[in-house]
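Below are the chains, spelled out letter by letter.
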Amino acid sequence: MPVITRSYLTAAIVTTIGCSLEIISPYNLYLNPNLVVKQYQIWRLVTNFLYFRKMDLDFLFHMFFLARYCKLLEENSFRGRTADFFFMLLFGSTVLTTIVLVGGMIPYVSESFAKIIFLSNSLTFMMVYVWSKQNPYIHMSFLGLFTFTAAYLPWVLLGFSVLVGASAWVDLLGMIAGHAYYFLEDVYPKMTGRRPLKTPLFIKTLFADETVVVARPAEVRFAAPPVEEIRR
C-alpha cells in the first residue's frame, strides 16, 4: 500500500478506534473556528479529517472507499508523484474547511453548516469524485443490483447516502471540492495552457522522487526467426 494511503488509513482507524474506546475525546478533534483562532488549537484543522464517527456499517463503507480509491489514485494517476498527491489532499482539505467556515456565516444555511464538524467523509468522497472523473468509462456494479460507468459513481453513492438517512451535505461538499480540483488540474490547463495548481517546492522536498520503471523485453518476436539465424 502506498505511503500516503497507508498513513491516512492508519491514522483514521487509530483515531476512530481510540474515540470508540474513550481513549481520545471527539470534543478535542472536531472543527471549531473559535477554538482554532482564539485558543490556537491548530490541530483541529487536521484531526477533524481523521475521525469517522461511530464504528458501524457506515464506518466500514468509508474505510473501504478510503483504502480503495485513495490507493487507486496514488498508484495510478499520481504514480511517482507522491508530493502532488499530498498537495491534492491538502487542496481538498483547504477547500472543504473554507466552505464550512464561509457557509457558517451565511443566513438560512448557517445552521446546516454548523452541524458539519468532521470533514473526513467529505475528503473521502472527494477522492472518489476525482477518480471517477479520471476514469469515466470503467464499468461498475452497485451491490450486484445494477451496472453503470464510473462517471456516475459519486451520484450513485450520494443516492445511497440519502436512502440510508445520512446527510447529503457531507457528500455534496466532497463533490464540490473534487470538481474544483479536477477543473483546475485537468480541464483548465487544456483550455488555457496554464496550470494553476502547482505543488510548492517545500512539499516536494518532503517526499523523495520515485522513479517509474516500465519493463520492456529486450527482444520481442512476433514471427519465427529466419532460417539463417537458426543455423547460426
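As a reminder, the structure under discussion sits directly above these lines.
Reading the values: rules and limits
Residues numbered from 1 in each chain as written. Predicted model: local features only at pLDDT ≥ 70, side-chain atom pairs only at ≥ 80, totals over all residues. Heavy atoms only, no water. Core = buried A, V, L, I, M, F, W, Y, C linked by side-chain atoms within 4.5 Å. Buried < 20%, exposed > 50% of the residue type's maximum accessible area, 1.4 Å probe, protein only. Helix = DSSP H or I, 4+ residues; strand = E, 2+ residues; numbered from the N terminus. Contact = heavy atoms within 4.5 Å. Patch = residues over 30% accessible without salt bridge, like charges linked within 9 Å, V, L, I, M, F, W, Y side chains within 5 Å. Areas by Shrake-Rupley, 256 points an atom, 1.4 Å probe, with all protein chains shown as cover. Salt bridge = Lys/Arg side-chain N within 4 Å of Asp/Glu carboxyl O. Axes fitted to C-alpha atoms, helices over the stretch in contact; angles between N-to-C directions. Nonpolar A, V, L, I, M, F, W, Y, C, P; charged D, E, K, R; others polar. Phe/Tyr/Trp six-rings, centres within 6.5 Å; stacked < 30°, edge-to-face > 60°. Pairing = 2+ DSSP bridges. 1 Å grid on protein atoms, 1.4 Å probe; cavity = no way out; pocket = protein on both sides within 12 Å on 5 of 7 lines; lining within 4 Å. Points joined across faces, edges and corners; volume = space filled by probe spheres on them.

**Q** Sorry if this is basic, but what is going on with the nonpolar core here?
**A** Here is a general trend for soluble globular proteins: nonpolar side chains tend to be buried in one another's company. Membership of the largest hydrophobic core comes to 52 residues, with the highest contact counts inside it found for Leu66, Phe85, Met88 and Met127. Mapped onto this core, the elements with two or more residues apiece are helix 1 (3–20), helix 4 (57–77), helix 5 (82–103), helix 7 (120–134), strand 1 (139–142), helix 8 (153–163) and helix 9 (168–192). In this view, Met127 contacts Tyr8, Leu66, Cys70, Leu73, Phe85, Met88 and Leu89; residues no more than four positions away in its chain are not counted. Counting six residues, the second-largest nonpolar core is a separate cluster that includes Leu29, Leu35, Tyr51 and Phe118.

**Q** I'm lost on a nonpolar patch on the surface in this one. Help?
**A** A cluster of nonpolar residues, Ile13, Ile17, Leu21, Ile23, Ile24 and Met55, forms a patch on the protein surface that exposes about 530 Å² of accessible area. One can find Leu21 in the loop between helix 1 and helix 2 (33–38).

**Q** Is there a simple way to explain the packing of helix 7 against helix 8 in this structure?
**A** Two packed helices can be described by the angle between their axes and the distance between those axes. Their axes nearest at 8 Å, the elements helix 7 and helix 8 cross at an angle of 145 degrees. Within the contact between the two elements, helix 7 uses Phe125, Val128, Tyr129, Trp131 and Ser132 and helix 8 uses Leu153, Pro154, Leu157 and Leu158. Split into classes, the residues belonging to the contact of helix 7 with helix 8 amount to eight nonpolar, one polar and no charged.

**Q** How do you make sense of the pattern of salt bridges when you look at a structure like this?
**A** Once their charged atoms are close, side chains differing in charge can pair, the charge on each being opposite to the other. Scanning the entire structure with this criterion turns up two salt bridges. Salt-bridge contacts for Asp84 lead to Arg81; the nearest nitrogen and oxygen are separated by 3.0 Å. With relative accessibility at 12%, the residue Asp84 sits in the buried group. Arg81 gets classed as partly exposed once you look at its relative accessible area, which sits at 30%.

**Q** Help me understand the packing of aromatic side chains, please; the structure alone is not making it clear to me.
**A** Given two aromatic rings, their pairing is described by the distance between the two centres and the angle made by the two planes. Enumeration over the complete set of coordinates arrives at nine aromatic pairs. Geometrically, the ring pair formed by Phe65 and Tyr69 is tilted, given 6.2 Å between the ring centres and 40 degrees between the ring planes. With Phe65 and Tyr69 both in helix 4 and four residues apart, this pair spans about one turn of that helix. When its relative accessible area of 15% is taken as the criterion, Phe65 is described as buried.

**Q** What is the right way to look at the pairing of strand 1 in this model?
**A** Each regular strand displays side chains that alternate between the two surfaces of the sheet. In strand 1, alternate side chains face the same way, and those of Met140 and Phe142 are buried while those of His139 and Ser141 on the opposite face are not. Taken together, strand 1 and the strand that follows it, strand 2 (residues 146–149), pair antiparallel across an intervening segment of three residues, in which Leu143 is found at a positive phi of about 55 degrees.

**Q** In this structure, what is going on with the layout of surface pockets? I would like to understand it.
**A** Rolling a probe over the atoms, with the probe sized like a water molecule, indicates the empty space that remains. Looking at the largest pocket, its volume works out to about 700 Å³. Around the largest pocket, the lining is made up of 26 residues, and of these Asp58, His62, Asn121, Ala166 and Ser167 lie nearest the centre. Ranked by the residues each element gives to the lining of the largest pocket, the list is headed by helix 4, at five residues. Across the lining of the largest pocket, the residue classes tally to 13 nonpolar, seven polar and six charged. Approximately 410 Å³ is the volume attributed to the second largest pocket. Taken together, 15 residues make up the lining of the second largest pocket; nearest its centre are Val46, Phe49, Phe86, Leu89 and Ser93. Secondary structure elements with two or more residues in the lining of the second largest pocket: helix 1, helix 3 (44–47) and helix 5. It is helix 5 that contributes the most residues to the lining of the second largest pocket, six residues altogether. Grouping the amino acids of the lining of the second largest pocket by side-chain chemistry returns 11 nonpolar, four polar and no charged.

Function cannot be read off these values alone, since they describe shape.
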